[in-house]
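Notes for the structure review
Chain by chain, the residues run as shown.
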Amino acid sequence: MRDINIKRTKKIIIDSIQEKFKETQKEKNENLNQDYDVAAYIWPSCHHDERFGDMLWPEGIGEWEVIKKGTPRFDGHYQPKMPLWGYEMDDDPEVMEKWIDAATDHGVNVFIFDWYWFDEGPFLESSLNNGFLKADNNEEMKFYLMWANHDVRRNYWNVHKYKDDTSLLWEGAVDMENFKIIVERVINQYFKQPNYYTIDDKPVFSVFSMHNLIKSFGNPEKTKAALDYFREEVQKAGFPGLHLQLIGFGTPNKNQIQNIETLGANSVTKYNWGGPHPEDYIQWGAESMERRDQWASALNIPYFPNASIGWDDTPRFPEKGKEDVVHYNKSPESFAAFLQKTKEYCDARPDQPNLITIFSWNEWVEGSYLLPDMKYGFEHLEAVKEVMSGEYNKYQGE
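Remember, it's a predicted structure, so these values are computed and weren't measured experimentally.

A few words on the overall build of the chain. In terms of helices and strands, the chain carries 13 helices and 12 strands. Taking 2.2 N^0.38 as the reference for a compact globule, 398 residues should give roughly 21 Å; the C-alpha atoms of the chain span a radius of gyration of 21 Å, in line with that estimate. With respect to the three principal axes, the spread of C-alpha positions in the chain is 70 × 60 × 45 Å. Across the chain, the fraction of contacts at a sequence separation of at least 24, relative to all contacts at a separation of at least 6, is 75%. Accessible area for the chain stands at about 17,200 Å²; split by element, carbon and sulfur atoms hold 47% of it. Each charge class in the chain was averaged separately, 44 positive and 66 negative side chains, and the resulting centres sit 4 Å apart.

Structure below.
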């Protein structure tokens with residue numbers, strides 16, 4: 001009887017929090033005239049990781065160690081990137097409270113956390129666990145996970161320490177034993193949070209590398225069996241099902257589409273506009289829109305569009321130069337124009353959820369972030385607010 005009462009009390013508390021979240025979000029959405037879910041990726045690298053921080057970023061400040069050492073490769077190249085709010089730790093709940101306020105004030109209402117599982121355990125989870133989930137205002141913001149199951153070579157995340165050592169540090173593929181641990185962890189630790197993002201009441205779980213997902217289990221059919229186990233566990237936890245989201249790379253081909261169908265994915269999106277990376281931002285955006293439309297035509301499930309702010313990963317690669325950076329015509333104004341086109345893509349598909357992914361909230365090391373900095377201030381965030389409120393293109397439809 002005591003256990004039943006505890007469960008009832010817990011349900012009442014969760015229902016109360018969910019209702020408060022809905023009311024708060026409704027008020028903010030009404031103020032922004034927002035009928036869209038604008039989801040910005042969070043790369044949670046700027047804190048000291050308990051498991052691997054000493055090995056990877058020994059200065060104790062996470063990837064800020066690499067970001068601060070960025071160097072300009074050509075005249076006018078903005079490196080190193082300098083955050084307006086300083087080099088704050090992303091696992092600090094007070095920092096996350098500020099992020100949530102800044103995001104929701106400007107029309108970003110979902111965070112997508114890059115989530116890792118290496119060497120039979122989590123990596124960089126503290127930003128979510130200690131930062132976001134302990135922020136006093138986290139109920140104002142939805143969130144979901146993107147399992148970043150890609151391989152990592154030693155010098156990829158700290159070239160200053162590992163120099164030219166390209167040997168494999170971590171593999172993104174996992175075995176079934178670890179997959180079951182992952183399933184249990186994400187359901188109980190995250191899906192059950194009242195502000196976890198759902199589509200049709202199904203928790204959304206995004207997977208970065210379909211290749212490594214299939215590699216984990218040997219072939220698409222065995223991978224589907226593993227995912228069916230995941231779906232069953234999600235249903236046992238009280239949800240109607242799992243919304244599996246995959247990241248699409250390049251342009252769609254027959255093999256990719258067949259694998260997506262076999263796995264039973266519910267949607268596809270991008271992490272960013274992807275390669276190739278021309279020097280001209282407008283060219284990059286235009287080519288990405290062509291790839292987007294190819295994906296949308298090839299799929300029989302929703303393809304959620306992405307808007308990307310920029311591309312400059314030179315802090316990680318000393319050999320890269322001007323031709324590797326998207327810099328011509330890169331500006332908050334150009335970003336706003338492409339975000340408007342992204343919004344129009346959603347408007348043309350009223351039968352699917354209005355979800356837009358943005359690259360990103362804080363990818364300082366790859367030159368794509370909404371957070372305010374010393375060059376643009378709040379201009380990228382203001383661009384989101386202007387577009388999503390309808391003020392950017394107020395003549396449309398008149």
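For the rest of this paragraph, the subject is a nonpolar patch on the surface. Residues Met 82, Leu 84, Tyr 87, Met 374 and Phe 378 make up a contiguous nonpolar surface patch of roughly 440 Å² in combined accessible area. Mapped onto the secondary structure, Met 82 falls in the loop between α3 (64-67) and α4 (93-105).

The interhelical angle for the contact between helix α7 (residues 176-191) and helix α9 (residues 220-236), taken along N-to-C directions, is 30 degrees, at an axis separation of 10 Å. Taken together, the axes of α7 and α9 are roughly parallel relative to one another. Viewed along their axes, α7 and α9 form a crossing whose handedness is right-handed. Residue-level contacts link Met 176, Phe 179, Lys 180, Val 183, Val 186, Ile 187 and Phe 191 of α7 to Ala 226, Leu 227, Tyr 229, Phe 230, Glu 233 and Val 234 of α9.

Attention now moves to the pairing of strand β9 (residues 243-247). Across the 5 residues of β9, 5 count as buried, placing the element largely inside the fold. Burial along β9 is two-sided: His 243, Gln 245 and Ile 247 facing one way and Leu 244 and Leu 246 facing the other are all buried. Alignment of strand β8 (residues 202-207) against β9, held across 4 bridges, turns out to be parallel. Note that in β9 the partner of Ser 206 across the bridge is Gln 245.

Between Gln 79 and the following residue, Pro 80, the backbone shows a cis peptide bond with an omega angle of -5 degrees. With respect to the helices, strands and loops of the structure, Pro 80 is situated in the loop between α3 and α4. Along the chain, Gly 275 connects to Pro 276 via a cis peptide bond; the corresponding omega equals 0 degrees. Among the structural elements, Pro 276 can be located in the loop between β10 (267-269) and α11 (281-298).

On the secondary structure map, Leu 128 appears in helix α5 (residues 126-132). Take Leu 128: its relative accessible area is 3%, and that puts it in the buried class.

A general tendency of soluble globular proteins is for nonpolar side chains to be buried together. Counting residues in hydrophobic clusters, the biggest one holds 115 residues, and the most contacted among them are Phe 111, Ile 358 and Trp 361. Among the elements that line this core, the one with the most residues is strand β2 (residues 110-118), at 8 residues. Every residue in contact with Phe 111, bar those within four places of it in the chain, is listed here: Ala 40, Ile 42, Met 96, Trp 99, Ile 100, Ala 103, Phe 132, Met 141, Lys 142, Phe 143, Tyr 144 and Trp 361.

Take His 47: it is sitting in the loop between β1 (37-42) and α2 (53-56). Side-chain polar atoms of His 47 contact the backbone oxygen of Pro 44, separated by 3.3 Å. In contact with His 47, not counting residues within four places along its chain, are Ile 61, Gly 62, Met 89, Asp 90, Asp 91, Leu 124, Ser 126 and Ser 127.

Here the structure, examined in full by the defined rule, presents 50 aromatic pairs. Plain terms: the ring middles of Trp 57 and Phe 123 are 6.4 Å apart, the flat faces sit at 20 degrees to each other, and that makes the pair stacked. In this pair, Trp 57 is assigned in the loop between α2 and α3 and Phe 123 in strand β3 (residues 121-123), connecting sequence segments 66 residues apart. Considered together, Trp 57 and Phe 123 belong to a single accessibility category, that of buried residues. Ring geometry for Trp 64 versus Trp 364: centroids 6.0 Å apart, planes at 45 degrees, classification tilted. In this pair, Trp 64 is assigned in helix α3 and Trp 364 in the loop between β12 (355-359) and α13 (379-388), connecting sequence segments 300 residues apart. By relative accessible area, Trp 364 is classed as buried at 3%. Positioned over the ring face of Tyr 229 is Lys 180, at 5.4 Å from the centre of the ring.

On to the pattern of salt bridges. Tallying each qualifying case throughout the model produces 12 salt bridges. Residue Lys 236 pairs with Glu 233 through a salt bridge whose shortest N-O separation is 3.1 Å. Taken together, the residues span about one helical turn, with Lys 236 and Glu 233 both in helix α9 at a distance of 3 residues. Residue Arg 292 pairs with Asp 293 through a salt bridge whose shortest N-O separation is 3.1 Å. When its relative accessible area of 10% is taken as the criterion, Arg 292 is described as buried. Residues joined by salt bridges that share partners form a network here, namely Glu 63, Arg 316 and Glu 366.

Procedures and definitions
- Residues numbered from 1 in each chain as written.
- Predicted model: local features only at pLDDT ≥ 70, side-chain atom pairs only at ≥ 80, totals over all residues.
- Heavy atoms only, no water.
- Helix = DSSP H or I, 4+ residues; strand = E, 2+ residues; numbered from the N terminus.
- Rg over C-alpha atoms; globule rule 2.2 N^0.38 Å.
- Contact = heavy atoms within 4.5 Å.
- Areas by Shrake-Rupley, 256 points an atom, 1.4 Å probe, with all protein chains shown as cover.
- Lys, Arg positive; Asp, Glu negative; His and termini not counted.
- Charge placed at Lys NZ, Arg CZ, Asp CG, Glu CD.
- Patch = residues over 30% accessible without salt bridge, like charges linked within 9 Å, V, L, I, M, F, W, Y side chains within 5 Å.
- Salt bridge = Lys/Arg side-chain N within 4 Å of Asp/Glu carboxyl O.
- Axes fitted to C-alpha atoms, helices over the stretch in contact; angles between N-to-C directions.
- Parallel < 35°, antiparallel > 145°, perpendicular 65-115°, else oblique.
- Left-handed = near helix turned anticlockwise from the far one by under 90°.
- Buried < 20%, exposed > 50% of the residue type's maximum accessible area, 1.4 Å probe, protein only.
- Pairing = 2+ DSSP bridges.
- Core = buried A, V, L, I, M, F, W, Y, C linked by side-chain atoms within 4.5 Å.
- Polar contact = N/O pair within 3.5 Å; in protein donor to acceptor, adjacent residues only side chain to side chain.
- Phe/Tyr/Trp six-rings, centres within 6.5 Å; stacked < 30°, edge-to-face > 60°.
- Lys NZ or Arg CZ within 6 Å of the ring centre and 35° of its normal.

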